[in-house]
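Here are the chains, one letter per residue:
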Amino acid sequence: MNKNENFSREGYLHENYHFFHLKDTAGQERDFHFHEFDKIVLLLSGHVDYIVESQSYDLKPWTVLLVKHHAIHKAIIDKKEPYERVIIYMDRKYFDRIMPQARLTDCFELSDKSGRQLLMPDEEQKDILRTLIASYERAEKDTGFGAQAMRDTIIVQMLIIIGRMSAASDSGSEQRYDPKIQEALSYINENLKSPLSVEMLADHVYLSKYHFMRLFKSQTGNTVHAYVRQKRLLCAARLIREGMPVNHAAAESGFSDYSAFHRAFKESFGVSPGQVKK
């Protein structure tokens, strides 16, 4: 479970979960991306701004960030400080299946609805998380009887602590975003099938075209065109997985040119729309 190359860049997870403990001075910044799985980021040291969809979060040591599957995100790393973090990729279906009554993954839905993706543990919770991280890393080296079950139970305990943090969180979560850009993002999400030009979106939020473009890029880190395209691709992928014919999914997601859709889909996901359907 230590080989990062087991994960494809298209955002697919081939295990029930994957635990990383990383430390470096330069950081490994990636451009905006998304995953098919949920992601937990626990900052141990350093200074990182994480942009998730329309919101920017200032991570401080021991803050926990919840990134729901399909959320477009990016880390902006202050490379002057050592960057240490624990990251857990997780297949929600696995945890919902093994312990359905525990509702271990509800924290992602709760944080998504409330806009409180950034959680701050209290001192007792920090101590528990420290202990669990150390226990998991010892268990990673264990090859004896029940070793995998031991690792699973430690991850479950982490999810319980994070779930309690999420349930107890209040509006003090640190987030900053411009109301105009939030309004534009909401409009994009609700109108993917409709034309979404820069001019139309700027008019919708009563900004000049060029001011809107600059503000959108500074807030989201992405151009309007790239953001809209990525959202449409995510929508199309979901519709295809749900059984909709590929050409209908493309049209429902706002793609009028099927050839352009096919190229963009394969470029983004690494597989063709037909392969996703199969």
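Residues numbered from 1 in each chain as written. Predicted model: local features only at pLDDT ≥ 70, side-chain atom pairs only at ≥ 80, totals over all residues. Heavy atoms only, no water.

Would you mind showing me how to read the environment of Ile-40 here?
Following the sequence through the fold, Ile-40 ends up in strand β2 (residues 38–45). Accessibility expressed as a relative area gives 3% for Ile-40, which makes it buried. Sequence spacing of Ile-40 and Phe-19 is 21 residues, and the spatial spacing of their C-alpha atoms is 9.6 Å. Filtering out sequence-adjacent residues up to four positions away, Ile-40 remains in contact with Val-64, Leu-65, Leu-66, Val-86, Ile-87, Ile-88, Met-90, Phe-108, Leu-159 and Ile-162. (Helix = DSSP H or I, 4+ residues; strand = E, 2+ residues; numbered from the N terminus. Buried < 20%, exposed > 50% of the residue type's maximum accessible area, 1.4 Å probe, protein only. Contact = heavy atoms within 4.5 Å.)

Is there a simple way to explain the packing of helix α3 (residues 123–140) against helix α4 (residues 147–168) in this structure?
At a minimum axis distance of 9 Å, the contact between α3 and α4 shows a crossing angle of 160 degrees. The orientation of α3 relative to α4 falls into the category roughly antiparallel. Once α3 is placed against α4, the crossing between them reads as left-handed. Of α4, the residues touching α3 (which contributes Gln-125, Ile-128, Leu-129, Leu-132, Ile-133, Ser-135, Tyr-136, Ala-139 and Glu-140) are Met-150, Arg-151, Ile-154, Ile-155, Gln-157, Met-158, Ile-161 and Met-165. (Axes fitted to C-alpha atoms, helices over the stretch in contact; angles between N-to-C directions. Parallel < 35°, antiparallel > 145°, perpendicular 65-115°, else oblique. Left-handed = near helix turned anticlockwise from the far one by under 90°.)

Is there a simple way to think about the environment of Ile-181 in this case?
Along the chain, Ile-181 turns up in helix α5 (residues 179–190). By relative accessible area, Ile-181 is classed as buried at 0%. Separated by 31 residues in the primary sequence, Ile-181 and Phe-212 have C-alpha atoms spaced 8.2 Å apart. Beyond its immediate stretch of four places on either side in the chain, Ile-181 contacts Phe-212, Leu-215, Phe-216, Gln-219 and Thr-220.

Looking at this structure, how should I read the sheet that holds strand β6 (residues 73–77)?
Sheet strands pair by backbone hydrogen bonding; their relative direction is either parallel or antiparallel. Strand order in the open sheet formed by three strands is β4-β3-β6, with antiparallel pairing between adjacent strands. Because the sheet does not close on itself, it has two edges, and the strands there are β4 (55–59) and β6. Going across the sheet, the axis of each strand differs from the next one's by a mean of 20 degrees, ignoring polarity. The sheet contact formed by strand β3 (residues 48–52) and β4 spans five bridges and is antiparallel. Bridged to Val-48 within β4 is Leu-59. (Pairing = 2+ DSSP bridges.)

What is the right way to look at unusual backbone geometry in this model?
If a residue is not glycine, its phi is most likely negative; likewise, a peptide bond is most likely trans. With a phi angle near 80 degrees, Trp-62 is a residue other than glycine that sits in the positive phi range. For Trp-62, the position within the fold is in the loop between β4 and β5 (64–67). On the basis of relative accessible area, Trp-62 is assigned to the buried category, the value being 12%. Positive phi, normally seen in glycine, also occurs at Tyr-206, with a value near 60 degrees. With respect to the helices, strands and loops of the structure, Tyr-206 is situated in the loop between α6 (198–204) and α7 (209–220).

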